[in-house]
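Each chain, letter by letter, is given below.
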Amino acid sequence: MAIDSLQSALPPDPPDFGPREFPAALVNVTNRCNLKCTHCFIYRDANPNASIDKMDDATMLHQLEVLRDRHGIKSMLFMGGEPMVRRKLVLAAMSLFEDSSIATNGTYGIPSTPGRLVSVSLDGPSEENDAIRGQGVFERVEQAVRGRDREDGTIVMLQMAITKENSPSIERFVDVVADWPVDGVAFTFYVPRKGECSGQAWETNQERDEVVERVIALKEAYPDLVRANVATLRLMKSDQCGAYVGDRCAFKAMLPLYVGDGGVFERTFCCYGNDVDCNRCGAYAVFNAVRHRGRGSTPGPTTPVSD
Ligand SMILES: C[S@@+](CC[C@H](N)C(=O)[O-])C[C@H]1O[C@@H](n2cnc3c(N)ncnc32)[C@H](O)[C@@H]1O
Ligand code: SF4
Ligand code: SF4
């Protein structure tokens, strides 16, 4: 076969994202999802979110490998949509990186990834969770978490995205999951759209402060179970948070990869979409990365569920 035709048989290389090193990256392996959570940014208009897979497995594996080598990516977070709708691809791609983790809705079971982090989303106790994630989802996820092999070495954490709506339930949530076989419970806060005025978004960060204080109290009450850092939570209070968002967002040191309409990787403005309101950003990981940066370590997308 001529060299030209051999080359055209190889998957295409990814676009040029410049010469910069990105020790941490995240990839939305698909926009498909079996749930339609009310708070989810995936369904926002400004995202490249037509619900189909626009890049096949071989191309994605090749492109992730090339990007790893170009940008020195050490840690990769596999997200979606629901990444477990492409389980085989995700498990294969995880082996490309020194450190990788998965954020999943847990409805396809908990993947076994020894030594790696699987973050399972639940947004409150049964009733509050199901109002956001859909009827029966809490029970399915509980069964999956309780049914997994705890000895397989996978690090499993629960993650609740706190909105104004589900915020009254955070203490009950921790009570309910306290005896589950997990390595911790993490919290992050809602990231609204610009101008959003909804039941889920706090109008001001001052209003959100009392919930941040309640997460601090939970950390103090359940120091081993609640995976949050009090110093990070204090950075999220209204008197401080403005200094760490927008142009100064620590996530700018990270590469968020989406598959755009043309079937090629695109870098979005933010991993929460293109039309976010940075001034009301509730991403715990952004603030946690500031604290880690202060200590000379790398901000990473896996920090949402670590303290
Ligand atoms: C987009 S989901 C993708 C992975 C998987 N489908 C899941 O639900 O975990 C990743 C995380 O983002 C959170 N999330 C979605 N929309 C959000 C928003 N507007 N603000 C804050 N967190 C959000 C979800 O609750 C979930 O924990
Ligand atoms: S399961 Fe995840 S991706 Fe799917 S709608 Fe819910 S938050 Fe969004
Ligand atoms: S909304 Fe996105 S870009 Fe803005 S501060 Fe938060 S994570 Fe960073």
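Owing to the predicted nature of the structure, the values given are computational and were not obtained by experimental measurement.

Parameters at a glance
Residues numbered from 1 in each chain as written. Chains lettered and ligands numbered in written order. Predicted model: local features only at pLDDT ≥ 70, side-chain atom pairs only at ≥ 80, totals over all residues. Helix = DSSP H or I, 4+ residues; strand = E, 2+ residues; numbered from the N terminus. Contact = placed C-beta atoms within 7 Å. Axes fitted to C-alpha atoms, helices over the stretch in contact; angles between N-to-C directions. Parallel < 35°, antiparallel > 145°, perpendicular 65-115°, else oblique. Left-handed = near helix turned anticlockwise from the far one by under 90°. Nonpolar A, V, L, I, M, F, W, Y, C, P; charged D, E, K, R; others polar. Near = placed C-beta within 6 Å. Pairing = 2+ DSSP bridges. Buried ≥ 20, exposed ≤ 12 C-beta atoms within 10 Å, placed from the backbone. Arc of directions from axis to C-beta. Core = buried A, V, L, I, M, F, W, Y, C linked by C-beta atoms within 7 Å.

When you go through the protein chain residue by residue, the secondary structure sums to nine helices and eight strands. Relative to all contacts within the protein chain whose residues are 6 or more apart in sequence, the contacts with residues 24 or more apart total 74%.

Contact geometry for helix 2 (residues 57–71) and helix 3 (residues 87–94): axes closest at 10 Å, N-to-C directions at 20 degrees. When the axes of helix 2 and helix 3 are compared, the pair comes out roughly parallel. Crossing angle aside, the handedness with which helix 2 passes helix 3 is right-handed. Only Leu89, Ala92 and Ala93 of helix 3 make contact with helix 2, whose side of the interface consists of Asp57, Met60, Leu61 and Leu64. Each residue belonging to the contact of helix 2 with helix 3 can be placed in one class, and the counts come to six nonpolar, no polar and one charged.

Right, let's get into the site of ligand 3. Around ligand 3, a shell composed of Val191, Val245, Gly246, Cys249, Phe251, Cys270, Tyr272, Val276, Cys278, Cys281, Ala283 and Val286 is seen. Classifying every residue of the shell around ligand 3 by side-chain character gives eleven nonpolar, one polar and no charged.

Strand order in the open sheet formed by eight strands is 6-5-4-3-2-1-7-8, with mixed pairing between adjacent strands. Two strands bound the open sheet, and with one partner strand each, they are strand 6 (184–189) and strand 8 (265–267). In this sheet, neighbouring strand axes are inclined to one another by 25 degrees on average, regardless of whether the strands run parallel or antiparallel. Summarising the sheet, strand 2 (residues 75–79) and strand 3 (residues 99–104) pair through four bridges and their orientation is parallel. Its bridge partner lying in strand 3, Met76 is registered against Ser100. Set on the sheet, helix 6 (residues 170–177) makes contact with strand 5 (155–162) and strand 6; between it and strand 5 the angle comes to about 160 degrees.

Let us now look at helix 5 (residues 137–147). All of the buried residues along helix 5 are Val137, Phe138, Val141 and Val145. Axial view of helix 5: buried residues confined to an arc of 95 degrees, hence all on one face. Structural note: helix 5 exposes Glu139 and Gly147 on the side pointing more than 90 degrees away from its buried face. Where helix 5 is buried, its residues contact strand 4 (117–121), helix 4 (126–133) and strand 5.

Attention shifts here to the environment of Asp261. Position of Asp261 relative to the elements: it lies in the loop between strand 7 (254–259) and strand 8. Distance from Asp261 to Lys54, taken between C-alpha atoms, is 7.2 Å for residues 207 residues apart in sequence.

Close contacts around ligand 2 come from Cys33, Leu35, Lys36, Cys37, Cys40, Ile42, Gly80, Gly81, Glu82 and Asn105, and that covers them all. Of the residues in the shell around ligand 2, the class split is five nonpolar, three polar and two charged.

At a minimum axis separation of 10 Å, helix 6 and helix 7 (residues 205–221) run at an interaxial angle of 25 degrees. Between helix 6 and helix 7, the angle falls in the class roughly parallel. Considering how the two elements wind past one another, helix 6 and helix 7 form a crossing that is right-handed. Where helix 6 abuts helix 7, its residues Ile170, Glu171 and Val174 lie against Arg214, Val215 and Leu218.

What follows concerns the environment of Asp224. Tracing the backbone shows Asp224 in the loop between helix 7 and helix 8 (230–235). Taking the C-beta count within 10 Å as the criterion, Asp224 has 7 such neighbours and is therefore assigned exposed. Distance in space between the C-alpha atoms of Asp224 and Val185 is 9.2 Å, their sequence separation being 39 residues.

Let us look at the nonpolar core. Among the nonpolar cores identified, the biggest contains 82 residues, and Ala25, Leu26, Val27, Phe78, Val215 and Val286 are the most heavily contacted of them. When residues in this core are grouped by element, the largest group, six residues, is from strand 5. Residues in contact with Ala25, not counting those within four places in the same chain, are Ile73, Met76, Met254, Leu255 and Leu257.

Of all the five residues making up strand 1 (residues 24–28), five are buried; the element is thus mostly covered by neighbouring parts of the structure. Residues Ala24, Leu26 and Asn28 line one face of strand 1 and the alternating positions Ala25 and Val27 line the opposite face, and both faces are buried. Judged from the five bridges that link them, strand 1 and strand 2 form a sheet pairing that is parallel. Bridge assignment links Val27 to a residue of strand 2, and that residue is Phe78.

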